[in-house]
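Listed below, chain by chain, are the residues.
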Amino acid sequence: MIPMRKFIWGDWESTDLERDENVALLACVRVQGEVMKTIIFHEHTTSYSPSHQYIVFFLKKYIEKIESMPNYDLDDELMEFYVSLAATTNLSAGAAGMCYKTYTLDKDQYTKVVLNEEQMMISQGTTGLQTWEASLRLADFFVEHPDIVRGQKVVELGAGCGLAGFACAAVGAAHVLSTDCSTAVLKLLEANRLKMRLHVAGLLRKAPNMVDPAFKDNVQVAELDWEHTDECAKLSDSADVVIGADITYDPTIVPVLVGALKEMVATSQQVAYITATIRNQETFDLFLQLVGKYLSIYNAVHVCTCDMHASYESGVLVKSVMDLSETKMTTLCHPNPMADIRLVLITRK
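Residues numbered from 1 in each chain as written. Predicted model: local features only at pLDDT ≥ 70, side-chain atom pairs only at ≥ 80, totals over all residues. Heavy atoms only, no water.

**Student:** How should I be thinking about the overall build of the protein chain in this particular structure?
**Tutor:** A count of helical and extended segments in the protein chain gives 11 helices and 11 strands. For the protein chain, buried positions account for 52% of its 349 residues. Of the accessible surface of the protein chain, which amounts to about 16,600 Å², a share of 53% is contributed by carbon and sulfur atoms. (Helix = DSSP H or I, 4+ residues; strand = E, 2+ residues; numbered from the N terminus. Buried < 20%, exposed > 50% of the residue type's maximum accessible area, 1.4 Å probe, protein only. Areas by Shrake-Rupley, 256 points an atom, 1.4 Å probe, with all protein chains shown as cover.)

Below is the structure:
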């Protein structure tokens, strides 16, 4: 996710709030008022507010920049707003609560995916109420390579908040089915789908030539339990591309996931794109091993940073692994340098 300070806010497009040479300008009382008007009280910020904690930290850093100037003066409205918000906001790490997160899909920052998410990593017994690094990387991958999903039918497994699926819809997928099995996640996912419909409808009213009208209506939400392989098989006809992010972290569900993929990737025209954060190498290796075991004879190609370096024959699917850890993400977010992300591609031979 691009930080608020990197958003394009009208006249502030060319003003980097981080550069020291701009501090004198940004410290002017008149400019402080404009910052409040065009950023904090911007239509998008008020309609889809980030967490109050984020806004407090943003303003705290801004005020510190102002106070670094000699003979500084602080705008009364800015200080009153900051003090009031800070006094009523839980600033501890991992504070609970829902907030909106905005993900930009183009360099002009016009096309956005806006999702309501939980701030805590685990809430209501699931990790699916927050967007994780692997989902950011998968969504960014499709934004950078839109031809993969343009005009295709996409099914997302373990969708969570739905970022990757919404990104596919935004870049031209014909239809996206976002699936999960958690009741809490499905409720949030459907709410995000409806919110995105309203958001896109607003964009279409303002600039109908800037957004694909199909983006408003081409995402659906459905419950899918991977253990029900018959239901997975039925979805095969609706899946040109199967996607999933951070769904290989639990060794107890990896066999079930592989079974579902076996049913859904039924022809050589279908491809699965699965991103995984390597928290435990053994779990990731288990996923790759079980793919070969359950899907019988596979032809597996291991690709690291886009360069093929090893391959072996074992059957009917082609499997590739790509290291996304060092890829440059130019749209959605500033990547976590500590995250080890792998993209696994699976298709029939």
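What follows continues from the structure just given.
**Student:** Please clarify how the nonpolar core should be interpreted in this entry.
**Tutor:** As a rule of thumb, nonpolar side chains are buried together in soluble globular proteins. Judged by nonpolar contacts, the single largest core of 42 residues is most densely connected at Ile243 and Tyr273. Put simply, the parts of the chain that give this core at least two residues each are β1 (98-104), β2 (112-118), α6 (133-144), α7 (163-170), α8 (183-206), β6 (241-245), β7 (271-277) and β11 (341-348). Leave out the neighbours within four places in its chain, and tyrosine 273 touches Leu138, Phe141, Phe142, Ile148, Val241, Val242, Ile243, Gly244, Leu343, Val344 and Leu345. Among the nonpolar cores identified, the runner-up in size contains 29 residues, and Leu157, Val254, Ile278 and Val291 belong to it. (Core = buried A, V, L, I, M, F, W, Y, C linked by side-chain atoms within 4.5 Å. Contact = heavy atoms within 4.5 Å.)

**Student:** Sorry, what's going on with the pattern of salt bridges here?
**Tutor:** With the rule as written, the count across this model stands at 8 salt bridges. Residue arginine 150 is joined to aspartate 147 by a salt bridge in which the shortest nitrogen-to-oxygen separation is 2.4 Å. The shortest N-O distance in the salt bridge between glutamate 190 and arginine 193 comes to 2.7 Å. Within this pair, glutamate 190 and its partner arginine 193 are both found in helix α8, separated by 3 residues, close to a single helical turn. Here arginine 193 falls in the buried class, since its relative accessible area comes to 16%. (Salt bridge = Lys/Arg side-chain N within 4 Å of Asp/Glu carboxyl O.)

**Student:** How should the packing of helix α2 (residues 29-40) against helix α4 (residues 52-67) be read in this particular structure?
**Tutor:** Angle between the axes and distance between the axes: these two values describe a pair of packed helices. Axis separation between α2 and α4 bottoms out at 13 Å; the angle between their running directions is 165°. One element, α2, and the other, α4, form an angle in the roughly antiparallel class. Between α2 and α4 lies a crossing of right-handed hand. Residues Val31, Gln32, Val35, Met36, Ile39 and Ile40 of α2 pack against Ile55, Phe58, Leu59, Tyr62 and Ile66 of α4. Taken together, the residues of the contact of α2 with α4 sort by class into 10 nonpolar, 1 polar and no charged. (Axes fitted to C-alpha atoms, helices over the stretch in contact; angles between N-to-C directions. Parallel < 35°, antiparallel > 145°, perpendicular 65-115°, else oblique. Left-handed = near helix turned anticlockwise from the far one by under 90°. Nonpolar A, V, L, I, M, F, W, Y, C, P; charged D, E, K, R; others polar.)

**Student:** Would you mind going over the confidence of the model for the protein chain with me for this structure?
**Tutor:** Predicted coordinates in areas of low pLDDT are best not read in detail. Confidence in the prediction of the protein chain, expressed as mean pLDDT, is 82, and 80% of residues score 70 or more. The secondary structure element of the protein chain with the lowest average pLDDT is strand β8 (residues 298-304), at 34, and the one with the highest is strand β3 (residues 153-157), at 97. (pLDDT = per-residue confidence, 0-100.)

**Student:** Any chance you could explain the side chain of threonine 347 here in plain terms?
**Tutor:** Along the chain, threonine 347 falls in strand β11. Only 3.4 Å separates the side chain of threonine 347 from the backbone oxygen of serine 268, close enough to count as a polar contact. (Polar contact = N/O pair within 3.5 Å; in protein donor to acceptor, adjacent residues only side chain to side chain.)

**Student:** I keep staring at the packing of aromatic side chains and nothing clicks. Help me out?
**Tutor:** Centre distance and the angle of the planes are the two values used to describe a pair of aromatic rings. Evaluated as defined, the whole model comprises 5 aromatic pairs. Judged by centre distance (5.3 Å) and plane angle (85°), the ring pair of phenylalanine 41 and phenylalanine 81 falls under edge-to-face. With phenylalanine 41 in the loop between α2 and α3 (43-47) and phenylalanine 81 in helix α5 (residues 76-87), this pair connects stretches of sequence that are 40 residues apart. With centroids separated by 5.6 Å and ring planes inclined at 70°, the aromatic side chains of phenylalanine 141 and phenylalanine 142 adopt a geometry described as edge-to-face. Note on accessibility: phenylalanine 141 and phenylalanine 142 belong to one class, buried. Through pairs of rings, three or more aromatic residues link up here, namely Phe141, Phe142 and Tyr273. (Phe/Tyr/Trp six-rings, centres within 6.5 Å; stacked < 30°, edge-to-face > 60°.)

**Student:** It is not clear to me how a negative patch on the surface should be interpreted in this structure. Could you clarify?
**Tutor:** A contiguous patch of negative charge, built from Asp73, Asp76, Glu77 and Glu80, is present on the exposed surface. Residue placement: aspartate 73 occurs in the loop between α4 and α5. Taking the relative accessible area as the measure of exposure, aspartate 73 reaches 48% and is therefore partly exposed. (Patch = residues over 30% accessible without salt bridge, like charges linked within 9 Å, V, L, I, M, F, W, Y side chains within 5 Å. Lys, Arg positive; Asp, Glu negative; His and termini not counted. Charge placed at Lys NZ, Arg CZ, Asp CG, Glu CD.)

**Student:** How should I be thinking about the pairing of β3 in this particular structure?
**Tutor:** The side chains of a regular strand alternate, first on one face of the sheet and then on the other. Counting buried residues along β3, 4 of its 5 residues qualify, which places the element largely inside the surrounding structure. By the bridge criterion, 4 bridges tie β3 to strand β4 (residues 175-180) in an arrangement that is parallel. Its bridge partner lying in β4, valine 155 is registered against leucine 177. Traced from β3 through α7 to β4, the parallel crossover comes out right-handed. Bridge analysis of β3 against β6 gives 4 bridges, and the strand direction is parallel. (Pairing = 2+ DSSP bridges. Right-handed = clockwise from strand over helix to strand, strands pointing away.)

**Student:** So what exactly am I meant to see when it comes to unusual backbone geometry here?
**Tutor:** The residue asparagine 71 is not glycine, and still its phi comes out positive at about 55°. Along the chain, asparagine 71 falls in the loop between α4 and α5. The phi dihedral of aspartate 246 is positive, around 55°, even though this residue is not glycine.

**Student:** Which parts of the structure should I look at to understand the side chain of arginine 342?
**Tutor:** Residue position: arginine 342 is located in strand β11. At a separation of 3.1 Å, a polar atom in the side chain of arginine 342 contacts the side chain of aspartate 340.

**Student:** What is the right way to read the pairing of β6 from this model?
**Tutor:** Across the 5 residues that make up β6, a large majority, 5, are buried. Of the two faces of β6, the one lined by Val241, Ile243 and Ala245 and the one lined by Val242 and Gly244 are each fully buried. Alignment of β6 against β7, held across 5 bridges, turns out to be parallel. What sits directly across from valine 241, in β7, is valine 271. Traced from β6 through helix α10 (residues 254-264) to β7, the parallel crossover comes out right-handed.

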